Amino acid sequence: MAEAAAAAPEIRPLVPYLTLGETREQDYLNGSKCGNCGTMYVGPRLFCPKCSSDGPFESVRLSDHGEVYVYSVIHQATPYVKAPYIAAIVDLPEGVAVNTNIEGVEPDPKNIPFGMKVKMFTEKVSEDREGNSYIAYKFKPA
Amino acid sequence: MREVAIVGVSMIKFGRYPDRDVAQLAARAGLDALKDAGMQINSVEALYSGNLYATSGSGQRILQQMGQTGIPVVNVANACATGSTAFREAYLAIASGAYDIVMAVGSEQMGKQGLLGSRGDPATSLEGRVGSYMMPAVFGMAGSEHMRAYGTQQEHFALASVKNHFHSTMNPLAQYQKESPLDEVMNSRVIAYPNTLLMCCPTGDGAAAAILCSAEKARQFTTQPIKVAASVLTSDPFSDRGLTLPDINTLTRNAAKIAYDTAGIGPEDLDQVELHDCFATAELLHYENLGLCGDGEAAKHVASGATWLGNKIPAKYQEDVAPFVDKTYAPKTHAVVNASGGLLSKGHPLGATGVANIAEIVFHLRGQAGNRQVEGSKVGMAHVIGLCSACTLNVLVK
Ligand SMILES: [Zn+2]
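Now for a look at the structure at hand. (Residues numbered from 1 in each chain as written. Chains lettered and ligands numbered in written order. Predicted model: local features only at pLDDT ≥ 70, side-chain atom pairs only at ≥ 80, totals over all residues. Heavy atoms only, no water.)

Scanning chain A for helices and strands turns up zero helices and 10 strands. N-terminal to C-terminal, the α/β element order of chain A is β-β-β-β-β-β-β-β-β-β. Across its three principal axes, chain A shows a C-alpha extent of roughly 60 × 45 × 25 Å. When the 142 residues of chain A are sorted by exposure, 45% land in the buried category. The positive charge centre, built from 14 side chains, and the negative charge centre, built from 18, are 4 Å apart in chain A. (Helix = DSSP H or I, 4+ residues; strand = E, 2+ residues; numbered from the N terminus. Buried < 20%, exposed > 50% of the residue type's maximum accessible area, 1.4 Å probe, protein only. Lys, Arg positive; Asp, Glu negative; His and termini not counted. Charge placed at Lys NZ, Arg CZ, Asp CG, Glu CD.)

What follows is the structure, given as structure tokens:
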């Protein structure tokens, strides 16, 4: 049976502000800096909501370490994510904050001090029907 | 700008109405509000309809139920502040002199569809893989921020649930009218720490309506017109983490400043507030945002009894609350908060909520709130916040 040549499955970042390298160790988060007012953002931007300029924006490689600002332990499972898990806001040294999951620690509030130092890692979290893989970033205690 | 008065209000009991469609729910509320104002639909010059889930034409579909008089209809969607934004548009229409009599109606039918659902292709969904964007998570993290700043405990937030569930037992229009002592709130299953199930509002169906008119015409319809002393809408200003974690505080603080300046009052003048307690954590944050207490004092404020009906902790809950009472704390305001039972018990049919909060304040200012009546209430405020983000404040005066 002749089949149309299927595109080779790809490895894709789950969010546009994750830049993938050759190996997972080389993945990093990207940000952008407003050339007009200096405000830092997560991911690429065309416009600056702080100073209302259209940049130009300088692309910035964000650090792979940060601190837990706030968190919630989520007990509501989704069909493909096991609960409980820790959802958190992590502050990065560049002055931006990212939404993330904290792994490598039991999801219990007593294990998650505010300001806890954490380090980023990436891993495959899903695969679509065409076989494409999706890579997400997460953080674990540093 | 002209003075504006409310001459009619109504809300249907919030709950589940699988045998009705949303326009029928809204028409019931609309006709009840007209009856309350002693007028017919022919007197209404424009309709402002708040509904979030209807794609468009929500207001026209309501008129197709309750009276197609051919008047202008404006359909409004503004997250959880949808109904209160419709109300404010109605207020502005009267204040500007464009019309003399208008109706604002808020409605929603959520059925079993909750706030927890995820959308889109599961393979590319961020939910649970790059943090959580569910409302319980957002408001859990907002509570976490207060815990980080002030050492607030989960129990402090839970006390807001105990209070609001207690108040709801006196509100026949509330979706749930069930008390929940502190241990019950704390021991119900965690949804998104620090919020447990009994610290999250239910979803449901509902509708509410209000008739607004110019102050000079109000006496034609009622001996108890309620003056709208301020009607404020803000959106979220830029803040450092605001694009990552919605900032529910700054826009509420901005709205409060405008509302107090416009109405010429301060928080100490408020007899009651209906505020947006979609989650128990939110209630405490808004005590501070609205100036009911100082920054970092919300936990002491709820435990002081100031925001409970009668400004005191009922005898049956004194033992629960005792460990959290700070005897050195003296409340500087006396506003009872969420005498209706709040969103936590009354329910939160998104588009209906904003108008229902206003109706609740009107019931009290008229002395019609039954067992939950805030004694001698003369000044009340209705607060609503919708994420991404909109905040409305309406100050109502007897
Ligand atoms: Zn800028």
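Once that is clear, we can look at the overall build of chain B. Broken down by element type, chain B carries 13 helices and 12 strands. Counting the 398 residues in chain B, one finds 62% classified as buried. Taking as baseline every contact in chain B between residues at least 6 positions apart, the subset at least 24 positions apart corresponds to 78%. Carbon and sulfur atoms provide 49% of the accessible area of chain B, an area that totals close to 14100 Å². (Contact = heavy atoms within 4.5 Å. Areas by Shrake-Rupley, 256 points an atom, 1.4 Å probe, with all protein chains shown as cover.)

Residues and elements named next belong to chain A. Every protein donor of the zinc ion is accounted for by Cys34 (SG), Cys37 (SG), Cys48 (SG) and Cys51 (SG), and the metal-donor separations fall at 2.3 to 2.4 Å. The sequence pattern describing where the donors of the zinc ion fall on their chain is C-x2-C-x10-C-x2-C. Taken together, the residues Cys34 in strand S3 (residues 28-34) and Cys48 in the loop between strand S4 (40-42) and strand S5 (57-61) connect sequence positions 14 residues apart. Both residues of the pair, Cys34 and Cys48, count as buried. (Donors = N, O, S within 2.8 Å, 3.2 Å for Na, K, Ca; no water.)

Pairing between the strands of a sheet is mediated by backbone hydrogen bonds and can be parallel or antiparallel. Residues and elements named next belong to chain B. The strand order across the open sheet formed by 10 strands is S3-S2-S4-S7-S1-S8-S12-S11-S9-S10, and the pairing between neighbours is mixed. Edge positions in the open sheet fall to strand S3 (73-76) and strand S10 (336-337), since each of these has one partner strand only. Here strand S8 (residues 226-235) runs beside strand S12 (residues 390-397); their pairing, made up of eight bridges, is antiparallel. By the bridge assignment, Ala230 is partnered in S12 with Val395. (Pairing = 2+ DSSP bridges.)

Attention now moves to the packing of aromatic side chains. Summed over the entire model, instances satisfying the criterion amount to 10 aromatic pairs over all chains. Consider the rings of Tyr71 of chain A and Phe114 of chain A, whose centres lie 5.7 Å apart with planes at 40°: the pair is tilted. Of the two residues, Tyr71 of chain A is situated in strand S6 (residues 65-74) and Phe114 of chain A in the loop between strand S8 (97-102) and strand S9 (117-127); the sequence distance between them amounts to 43 residues. Assessed through its relative accessible area of 5%, Tyr71 of chain A is described here as buried. Ring geometry for Phe166 of chain B against Tyr317 of chain B: centres 5.9 Å apart, planes inclined by 80°, an arrangement best described as edge-to-face. Taken together, the positions of Phe166 of chain B in helix H5 (residues 154-168) and Tyr317 of chain B in the loop between helix H10 (298-304) and helix H11 (318-321) put the pair 151 residues apart, joining distant regions of the chain. Look at Phe166 of chain B and you get buried, because its relative accessible area is 12%. The class of Tyr317 of chain B is buried, set by a relative accessible area of 4%. Over the ring of Tyr28 of chain A we find Arg61 of chain A, and its NZ or CZ is 4.1 Å from the ring centre. Stacked on the ring of Tyr69 of chain A, the Lys or Arg Arg241 of chain B has its end atom at 3.5 Å from the ring centre. (Phe/Tyr/Trp six-rings, centres within 6.5 Å; stacked < 30°, edge-to-face > 60°. Lys NZ or Arg CZ within 6 Å of the ring centre and 35° of its normal.)

With that settled, the discussion passes to the pairing of S3 of chain B. Residues and elements named next belong to chain B. Sheet topology note: the strand S2 (residues 47-50)/S3 ladder contains four bridges and is parallel. Residue pairing in the sheet places Ser49 in a bridge with Asn75 of S3. Of the crossover connections in this fold, the one passing from S2 over helix H2 (residues 58-66) to the parallel S3 is right-handed. (Right-handed = clockwise from strand over helix to strand, strands pointing away.)

Moving on: the nonpolar core. Grouped together as the largest cluster of nonpolar side chains are 97 residues, with contacts concentrated most on Leu29, Ile102, Tyr137 and Phe139 of chain A. Discounting chain neighbours no more than four positions away, the residues touching Tyr137 of chain A are Val15, Tyr17, Leu18, Leu29, Val98, Asn99, Thr100, Met120, Phe121 and Thr122 of chain A together with Arg129 and Val130 of chain B. Val4, Ala359, Val362 and Leu396 of chain B belong to the second largest nonpolar core, which has 34 residues in total. (Core = buried A, V, L, I, M, F, W, Y, C linked by side-chain atoms within 4.5 Å.)

Right, let's get into the environment of Tyr329 of chain B. Residue and element names in this part refer to chain B. By the element assignment, Tyr329 lies in the loop between H11 and S10. Using a relative accessible area of 12% as the deciding quantity, one classes Tyr329 as buried. Remark: the alpha-carbon pair of Tyr329 and Ala303, spanning 26 residues in sequence, is separated by 9.7 Å. The residues touching Tyr329, leaving out its near neighbours within four places in the chain, are Cys293, Glu297, Lys300, His301 and Ser304.

This part covers the interface of chain A and chain B. With 41 residues of chain A in contact, the opposing surface of chain B contributes 33 residues. Buried surface at the junction of chain A and chain B, summed over both partners, amounts to about 3200 Å²; 63% is from carbon and sulfur atoms. Of all residues in chain A, Tyr69, Gln76 and Tyr80 of chain A bury the most surface against chain B, accounting for 21% of the area lost on that side. Counting across the chain A and chain B interface gives one salt bridge. Between Arg241 of chain B and Asp91 of chain A there is a salt bridge whose closest N-O contact spans 2.8 Å. (Buried area = accessible area lost by both parts, 1.4 Å probe. Salt bridge = Lys/Arg side-chain N within 4 Å of Asp/Glu carboxyl O.)

In this model, H5 of chain B (15 residues) spans 22 Å end to end at C-alpha, consistent with the 21 Å of a helix rising 1.5 Å per residue. For H5 of chain B, a buried count of 14 out of 15 residues is recorded, marking the element as mostly surrounded by other parts of the structure. (Expected span 1.5 Å × (residues − 1).)

Our focus in this paragraph is the pairing of strand S1 (residues 4-11) of chain B. Residues and elements named next belong to chain B. Along S1, eight of the eight residues are buried, which leaves the element largely enclosed by surrounding structure. Alignment of S1 against strand S7 (residues 205-214), held across seven bridges, turns out to be antiparallel. By the bridge assignment, Ala5 is partnered in S7 with Cys213. When S1 meets S8, the two strands line up antiparallel, connected through two bridges. Following the sheet pairing, Ile6 is matched in S8 by Ile226.

Moving on: the pattern of salt bridges. Should the charged atoms of two oppositely charged side chains come close, the side chains can pair. Residues and elements named next belong to chain B. On inspection of all chains with the given rule, the structure shows 24 salt bridges over all chains. Put simply, Glu179 and Lys316 hold a salt bridge, and the shortest N to O gap is 2.9 Å. Residue Glu179 is located in the loop between H5 and helix H6 (182-187), and its partner Lys316 is located in the loop between H10 and H11; the two are separated by 137 residues in the primary sequence. Linking Asp261 and Lys257 is a salt bridge whose minimum nitrogen-to-oxygen distance equals 3.0 Å. Within this pair, Asp261 and its partner Lys257 are both found in helix H8 (residues 250-263), separated by four residues, close to a single helical turn. Classification of Asp261 as exposed rests on a relative accessible area of 53%. On the basis of relative accessible area, Lys257 is assigned to the exposed category, the value being 54%. Here the residues in one salt-bridge network are Arg2, Asp100, Glu216 and Lys217, joined through shared partners.

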